Amino acid sequence: MPPADDAGFHAFDPTTGEPLPERYPVADWAELDRLAAGAAAAFEAGAAPAALAAFLEGYADRIEAHAADLAEIAARETGLPREGRLQNGEIPRTFGQLRQAAAAVRDGGWRRPIVSDGNIRSILEPLGPALVIGPNNFPFAFHGACGGDFAAAIAAGCPVIAKGHPHHPGTGKALAELMTDAAAAAGLPDGWVSLFYDCAPEDGLRLARDPRIAAVAFTGSKRAGLAIKAACDETATVGHFELGSENPVFVLPGALEERADALVEELAGSALLGGGQFCTQPGIVVLPAGQAAATFPAALQARFDDAPTPPLLSENVVKGLEAGVKTLTDAGAERLPAKEPEAQPGFRFPNTVLTTTAEQFLADPDTFQTECFGPVSLLVTGTNAKQRLALARTLQGQLTATILSDTGGADEEEYGPLAAILRRKAGRLLNDKMPTGVAVVPAMCHGGPFPASGQPHFTAVGVPASLTRFTRLACYDNVRPERLPAALRD
């Protein structure tokens, strides 16, 4: 969290490392208590599906209309490119997923109404007020006040208290203004949507434990996420947590012999996209033995050397990379010689390639799965087929796992056994495709077994699957027809 005092806190410009002039308040418990009371009262008052859909659509329209201004604010606070990344990429994804959520509300079939003999009926109903906490690397698509978790909770019928991110509070402020305007226009009850910029950690944990909060959705660091998860577990509050991933990529021998140069380019593009600050960044790459593999690490480092070192999101990201690389090198990984990057202001870290052997990795797999959130990739070199299977078995839960194979079928014999292991380790298994992109489509799973997420049936992306996280199964037994929810009536 940026430094705070009685006058609040400020964000930083990552391109210079200098503080930005605007200050934002830190919410105390009295303010959080007020927001929780407002959300609970709003949930009790209820909101019709038509109003929820109108809000989501109206909010999407407002974000689209103000895309240029929003991108300008976010670019200043995050260092992310204004046009290519934000205005023409992430913001359209954001208002698009809000509209997908609205369409799901209007359709209603995802709520799975079931009628059984004996006049017993069931349907998915909203849990109640949700606390949504977004990360620093996606100031729109995963923001607590407009991202995927927000859209899913609203569409499920849950009021949302959004926690803004202290590294882009101005973005949160601009979104909150559009959000409250859209809520008023749709006729949602007061308190249905709200935002606070930041709070003391102990107050945030207290809010997660509060009985008025029915669900918590978190995207961010493993350390912070596990602390919030522990608070939720104390009160059996439903919690959904995206905690990070190394996204292993297994390069099979035929693929490397067939297209080594192309794989270097693809891997570099994926690993360095957005400064490496994607939760699906390929952090571990498993290479076979052989001549093509012997030159692969140096070729990848050369590509890393040629790429820019863009500003990273915060000083904390740089410190995390320094600590992560030290952990890996202390365990025996070697850092490849690299070109000295040009001295530039702001929060930056050299594009880094590390190597280790299969024997080293298998001797201490948990340490070698230390996440380095940024432009860092670890290559496990010189492996044979048996070692690759053993490596796959040691993996913790992942958001993604990738197998790169020969297009002519030379790797078929190994693909099957390896895929059988990896599909149980990751929410999304990719073949001959880099993992960085996450399409917002119904079939997408952006989640995975712990510790990639809090539970294996989690997905933060994909409508309607992401909506069901904020619901419970409600059963009606012999209830008179006129007293049933509209969707359960004959």
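Provided above is the structure to which this section pertains.
Residues numbered from 1 in each chain as written. Predicted model: local features only at pLDDT ≥ 70, side-chain atom pairs only at ≥ 80, totals over all residues. Heavy atoms only, no water.

Participant: What should I look at first to understand the pattern of salt bridges in this one?
Facilitator: A full pass over the atoms with the stated rule returns 23 salt bridges. A salt bridge links E258 to R259, with the nearest nitrogen and oxygen atoms 2.6 Å apart. Judged by its relative accessible area of 35%, E258 is partly exposed. Residue R259 pairs with D432 through a salt bridge whose shortest N-O separation is 3.3 Å. (Salt bridge = Lys/Arg side-chain N within 4 Å of Asp/Glu carboxyl O. Buried < 20%, exposed > 50% of the residue type's maximum accessible area, 1.4 Å probe, protein only.)

Participant: How should the sheet that holds strand β7 (residues 130-133) be read in this particular structure?
Facilitator: One open sheet holds the five strands; their spatial order is β9-β8-β7-β10-β11, and the pairing between them is parallel. The open sheet has two edge strands, β9 (193-196) and β11 (238-242), and neither has a second partner. Strand-to-strand, the axes of this sheet are offset by a mean angle of 15°, without reference to chain direction. Across five bridges, the pairing between strand β10 (residues 215-219) and β11 is parallel. Note that in β11 the partner of A217 across the bridge is H240. (Pairing = 2+ DSSP bridges. Helix = DSSP H or I, 4+ residues; strand = E, 2+ residues; numbered from the N terminus. Axes fitted to C-alpha atoms, helices over the stretch in contact; angles between N-to-C directions.)

Participant: Sorry, what's going on with the side chain of S314 here?
Facilitator: Along the chain, S314 turns up in the loop between α10 (291-306) and α11 (315-330). A relative accessible area of 4% means that S314 is categorised as buried. Once residues within four sequence positions are removed from consideration, S314 is found in contact with N136, H167 and F347. (Contact = heavy atoms within 4.5 Å.)

Participant: Please clarify how the environment of L287 should be interpreted in this entry.
Facilitator: Looking at where L287 falls in the secondary structure, it is placed in strand β13 (residues 284-288). Residues L287 and A343, spaced 56 residues apart in sequence, show a C-alpha to C-alpha distance of 33 Å. Aside from chain neighbours lying at most four places away, what touches L287 is V251, F296, P297, L379, V380, T381, G382 and T383.

Participant: It is not clear to me how the packing of helix α14 (residues 385-394) against helix α15 (residues 412-422) should be interpreted in this structure. Could you clarify?
Facilitator: For any two helices packed against each other, one specifies the inter-axial angle together with the distance between the axes. The contact between α14 and α15 brings their axes to 9 Å, and the two run at 15°. Between α14 and α15, the crossing angle belongs to the class labelled roughly parallel. Handedness of the crossing formed by α14 with α15: right-handed. Along the contact surface, α14 presents A385, R388, L389, A392 and R393, while α15 presents E414, P417, L418, I421 and L422. Taken together, the residues of the contact of α14 with α15 break down into seven nonpolar, no polar and three charged. (Parallel < 35°, antiparallel > 145°, perpendicular 65-115°, else oblique. Left-handed = near helix turned anticlockwise from the far one by under 90°. Nonpolar A, V, L, I, M, F, W, Y, C, P; charged D, E, K, R; others polar.)

Participant: Is there a simple way to think about α14 in this case?
Facilitator: Working note: α-helix, 3.6 residues per turn, so residues spaced by three or four point in the same direction. Considered for burial, the residues of α14 that qualify are Q387, R388, L389, L391 and A392. Residues of α14 that are buried sit in contact with β12 (249-251), α9 (253-272), β13, α12 (358-363), β16 (376-383) and α15. The N-capping residue of α14, defined by a side-chain oxygen 3.2 Å from the backbone nitrogen of K386, is N384. (Polar contact = N/O pair within 3.5 Å; in protein donor to acceptor, adjacent residues only side chain to side chain.)

Participant: Explanation requested: the pairing of β10 in the structure shown.
Facilitator: Along a regular strand, successive side chains alternate from one face of the sheet to the other. Counting buried positions along β10 gives five out of five residues, so the element sits mostly inside the fold. Side chains A215, A217 and T219 project from β10 onto one buried face, and the interleaved V216 and F218 project onto a second face that is buried too. Relative to β10, β7 runs parallel, the two being bridged by four bridges. By the bridge assignment for β10, A130 is matched with A215.

Participant: Would you mind going over the packing of aromatic side chains with me for this structure?
Facilitator: Think of a pair of aromatic rings as described by two things: how far the centres are apart, and how the planes are tilted against each other in angle. Enumeration according to the criterion identifies 10 aromatic pairs in this entry. Here F361 and F368 contribute two aromatic rings whose centre-to-centre distance is 5.8 Å and whose plane-to-plane angle is 25°, an arrangement assigned as stacked. For the pair shown, F361 and F368 are each scored as buried. Taken together through their ring pairs, the aromatic side chains of F9, Y24 and Y197 make up a single cluster. Seen from the ring of F138, R85 lies directly overhead, with NZ or CZ sitting 4.7 Å from the centre. (Phe/Tyr/Trp six-rings, centres within 6.5 Å; stacked < 30°, edge-to-face > 60°. Lys NZ or Arg CZ within 6 Å of the ring centre and 35° of its normal.)

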